[in-house]
Amino acid sequence: MTTVATSRLPAGEPVLTTDVVGTDFGLPLVRPSRTRQGSRIRVVRSRCRAHGGVVVWFTDGTKTPPIHGRTAWIVADPEAHAAPRESP
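Note on numbering: residues in each chain are counted from 1, in written sequence order. Selection of residues for local features in this predicted model requires a pLDDT of at least 70, selection of side-chain atom pairs for listing and counting requires 80 or more, and totals for whole chains, interfaces and linings are taken over all residues. Excluding hydrogens and water, the side-chain figures rest on all heavy atoms present in the structure.

Caption draft 1: Molecular detail of unusual backbone geometry. With phi around 55°, Phe 25 is a residue other than glycine that occupies positive phi space. What counts as a helix is a DSSP run of H or I of at least four residues, what counts as a strand is a run of E of at least two, and both are numbered from the N terminus. Position of Phe 25 among the secondary structure elements: in the loop between strand E3 (22–24) and strand E4 (27–29). A 1.4 Å probe rolled over the protein chains alone gives each residue an accessible area, and that area as a share of the maximum for its type sets the label: buried under 20%, exposed over 50%, partly exposed in between. Of the residues examined, Phe 25 reaches a relative accessible area of 85% and is grouped as exposed.

Caption draft 2: Quick look at the pairing of strand E2 (residues 14–17). The side-chain alternation of E2 yields two buried faces, one formed by Pro 14 and Leu 16 and the other by Val 15 and Thr 17. Pairing of E2 with strand E5 (residues 40–50) involves four bridges; the strand directions are antiparallel. Its bridge partner being in E5, Val 15 is matched across the sheet by Arg 42. In short, DSSP must find at least two bridges between two strands for them to pair.

Caption draft 3: Just the nonpolar core, in detail. What makes a nonpolar core is a set of buried Ala, Val, Leu, Ile, Met, Phe, Trp, Tyr and Cys residues whose side-chain atoms join them at distances within 4.5 Å. The biggest cluster of nonpolar side chains holds 10 residues, and these are Val 4, Leu 9, Val 15, Val 30, Val 44, Val 56, Phe 58, Ile 67, Trp 73 and Val 75. Whether two residues are in contact is decided by their heavy atoms, any of which lying within 4.5 Å being enough. Ile 67 has contacts with Thr 6, Gly 53, Val 54 and Trp 73, leaving out every residue within four places of it along the chain.

Caption draft 4: Geometry of the side chain of Thr 64. Its place among the elements puts Thr 64 in the loop between strand E6 (53–58) and strand E7 (72–74). Polar contacts, as used here, are pairs of N or O atoms within 3.5 Å; protein pairs need one atom able to donate a hydrogen and one able to accept it. Residues neighboring in sequence count only if both atoms are side-chain atoms. A polar atom in the side chain of Thr 64 sits 3.0 Å from the backbone nitrogen of Val 56. Contacts of Thr 64, omitting those with residues within four sequence positions, involve Leu 29, Val 30, Val 54, Val 55, Val 56, Phe 58 and Trp 73.

Caption draft 5: Representation of the pairing of E6 in the model. As paired strands, E5 and E6 are joined by six bridges and run antiparallel to one another. Paired with Arg 47 across the bridge in E6 is Val 56. In textbook terms, the turn of a hairpin is the stretch between consecutive antiparallel strands, and for E5 and E6 this stretch comprises two residues.

All quantities given are derived from atomic positions and should not be read as evidence of function.
Set out below in structure tokens:
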């Protein structure tokens, strides 16, 4: 299992996140997943410093709440990222 720190998270990196845990001004919020089971693959669009920490934006329109300290992200397998996803 490969992990990447939030400070070194590049755009285009597929990572594992939780399902939506809430909203922030109408935008769905997700958090880094701690396990592979029950997690979703999301691709990082960008990350930026915010007043309360670092916010990570994903290509599907979700984002994280401000993250403080040392947070590690589990990198998704490239094969799993290329696999077709279930349609909504």
